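As a plain string of letters, each chain reads:
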Amino acid sequence: FSFLLLMGKSGSGKSSLLRAGVIPFITRSEGLAGIKVQHYTVITPTRGKASSIFRQLLGALNDMGMLVDTWNLDAHAYDLSQHPSHLKALLKESDSNTELNDNAPSTQPVARPNNLIVIDQFEQVLQDANLSKDDAASLISFLTVLVKTQRLILIVSLRNDFYANSMELEGFAGLKAVSYTHLRA
């Protein structure tokens, strides 16, 4: 899997499960099903400019050594908030080694993800009044590009009561379809 949606009621322990259970398990020396995560970042979205979640994600990718150009992450974050497909050009070749064209099957062998990004409390994104529908669609496109690299596992935690809102986001159902595992806390 490369995308996992962890859902549960408010206060049910999603964050604790991620931090004390899932992350230690998937980063242990044996890994999980042949997947050994070497680098991980937990992001809790902040409210503010639409580009801030993009900046947090780019910072995580930079820390993991997945970016080609790290010169001006703030400018890249703004650009990606407008044009998420530009992420493909920022990713190192070894991290974008799979076919990212939705219409063409990949002829590359499946890469084993060794990086993990956790977006905890994704409902914060959905509640952010500064994030327009277009910004949210750009974010989902950005996350879809990340998941398609097959070099990264993306885990998103979400309160149950925001699931319907997330499904209204353009592209969210498609993100789930790319590679999806669903857990409930």
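Refer to the structure above for everything that follows.
Residues numbered from 1 in each chain as written. Predicted model: local features only at pLDDT ≥ 70, side-chain atom pairs only at ≥ 80, totals over all residues. Heavy atoms only, no water.

1. Brief notes about the overall build of the protein
For step 1, the next point in the chain: The secondary structure content of the protein amounts to eight helices and five strands.
For step 2, the next point in the chain: The order of α-helices and β-strands along the protein, N terminus first, is β-α-β-α-α-α-β-α-α-β-α-α-β.
For step 3, the next point in the chain: By residue count, 47% of the 185 residues in the protein fall in the buried class.
For step 4, the next point in the chain: For the protein, restricting intrachain contacts to residue pairs at least 6 apart in sequence, the fraction spanning at least 24 positions comes to 75%.
For step 5, the next point in the chain: Surface exposure of the protein reaches about 9,000 Å², of which carbon and sulfur atoms provide 49%. (Helix = DSSP H or I, 4+ residues; strand = E, 2+ residues; numbered from the N terminus. Buried < 20%, exposed > 50% of the residue type's maximum accessible area, 1.4 Å probe, protein only. Contact = heavy atoms within 4.5 Å. Areas by Shrake-Rupley, 256 points an atom, 1.4 Å probe, with all protein chains shown as cover.)

2. Observations regarding helix α3 (residues 73-82)
One turn of an α-helix holds 3.6 residues; hence residues three or four places apart share an orientation.
For step 1, the next point in the chain: Listing the buried residues of α3 in full gives Leu73, His76, Ala77, Leu80 and Ser81. Buried positions in α3, seen along its axis, are confined to an arc of 135° and lie on one side of it. (Arc of directions from axis to C-beta.)

3. Things to note about the packing of aromatic side chains
For step 1, the next point in the chain: Evaluation of the coordinates by the stated rule reveals three aromatic pairs.
For step 2, the next point in the chain: For the pair Phe3 and Phe172, a centre-to-centre distance of 6.5 Å together with 85° between the ring planes defines the contact as edge-to-face. With Phe3 in strand β1 (residues 3-8) and Phe172 in helix α8 (residues 172-178), the pair connects residues that are 169 residues apart, well separated along the chain. Taken as a pair, Phe3 and Phe172 share a single burial class, namely buried. (Phe/Tyr/Trp six-rings, centres within 6.5 Å; stacked < 30°, edge-to-face > 60°.)

4. Brief notes about the pattern of salt bridges
For step 1, the next point in the chain: By the definition in use, this model includes three salt bridges.
For step 2, the next point in the chain: Arg19 is the partner of Asp120 in a salt bridge, and the nearest nitrogen-oxygen pair spans 3.5 Å. One end of the pair, Asp120, is in the loop between β3 (115-119) and α5 (123-127); the other, Arg19, is in helix α1 (residues 14-27), with 101 residues separating them in the sequence.
For step 3, the next point in the chain: Residue classification places Asp120 among the buried residues on the basis of a relative accessible area of 2%.
For step 4, the next point in the chain: Between Asp161 and Arg159 there is a salt bridge, and its shortest N-O distance comes to 2.7 Å. (Salt bridge = Lys/Arg side-chain N within 4 Å of Asp/Glu carboxyl O.)

5. So, the nonpolar core
For step 1, the next point in the chain: Grouped together as the largest cluster of nonpolar side chains are 40 residues, with contacts concentrated most on Leu61, Leu87, Ile117, Phe122 and Leu143.
For step 2, the next point in the chain: Breaking this core down by element, the ones donating at least two residues are β1, α2 (51-63), α3, α4 (87-90), β3, α6 (133-148), β4 (152-159) and α8.
For step 3, the next point in the chain: For this core, the element with the most residues is α6, which contributes eight residues.
For step 4, the next point in the chain: One finds Leu6, Leu18, Val118 and Ile153 within the second-largest nonpolar core, a separate group that totals 11 residues. (Core = buried A, V, L, I, M, F, W, Y, C linked by side-chain atoms within 4.5 Å.)

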